[in-house]
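Chain by chain, the residues run as shown.
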Amino acid sequence: MNYDLDMPPYIQEMANWLDDESHVHSCNFAGAYKGFEIMMAFCRSAAEGGQVPLPLTAAVDEMELLRRKLPEKKILLAIPASAKEYPT
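Just so it is clear, the structure is predicted and the values come from calculations on it, not from any experiment.

Thresholds, definitions, all that
- Numbers given for residues are sequential positions, taken from 1 along each chain in its written order.
- Owing to the predicted nature of the model, reporting of local features is limited to residues with pLDDT of at least 70; listing and counting of side-chain atom pairs is limited to 80 or more, with chain, interface and lining totals taken over all residues.
- Only hydrogens and water are removed before side-chain values are computed, so all heavy atoms of the structure are retained for them.
- Where helices and strands are cited, they refer to DSSP runs of H or I of at least four residues and of E of at least two residues respectively, numbered from the N terminus.
- Contacts are assigned to residue pairs that have any heavy atoms within 4.5 Å of one another.
- Whether two aromatic rings pair depends on their centres lying within 6.5 Å, for rings of Phe, Tyr and Trp, where Trp uses its six-membered ring; planes under 30 degrees apart make the pair stacked, over 60 edge-to-face, and the rest tilted.
- Here the term buried applies to any residue with accessible area under 20% of the maximum for its type, exposed to any over 50%, and partly exposed to those in between, with areas from a 1.4 Å probe on protein chains only.
- By construction, the arc corresponds to the directions joining the helix axis to the C-beta atoms.

On to the side chain of Glu37. Along the chain, Glu37 turns up in helix H2 (residues 29-48). What Glu37 contacts, discounting residues up to four positions off in sequence, is Leu54, Pro55 and Leu56.

The structure is reproduced here in structure tokens:
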């Protein structure tokens, strides 16, 4: 992400939404939830080994599914400072 190029239109879109509710921001809850649902379907698909249809209809803890299915591996840290959040 290039903050100098990407942030001004994002902030302008937010200001437009605050000024006029008909100009709904593209990152509103409904849009964000669709992205979240797609990512959870990816996780569920990886854990179950197959395609998962959308919309998701059953409540499942996808992170727990992945924990049970994937072998435990050491986390590769991008920077040493991340070690406090991800102790090994």
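With that settled, the discussion passes to the packing of aromatic side chains. Applying the stated rule across the entire model yields two aromatic pairs. Consider the rings of Tyr33 and Phe36, whose centres lie 5.8 Å apart with planes at 45°: the pair is tilted. Here the residue Tyr33 and the residue Phe36 both occupy positions in helix H2, the gap between them amounting to three residues, near one helical turn. Look at Phe36 and you get partly exposed, because its relative accessible area is 45%. An aromatic cluster is defined as three or more aromatic residues linked by ring pairs; in this entry it consists of Phe29, Tyr33 and Phe36.

Okay, helix H3 (residues 62-69) next. Burial in H3 covers these residues: Glu62, Leu65 and Leu66. Down the axis of H3, the buried side of the element spans an arc of 95°, and every buried residue falls inside it. H3 presents Arg67 and Arg68 as exposed residues on the side facing more than 90 degrees away from its buried surface. Looking at the buried positions of H3, the neighbouring elements they touch are H2.

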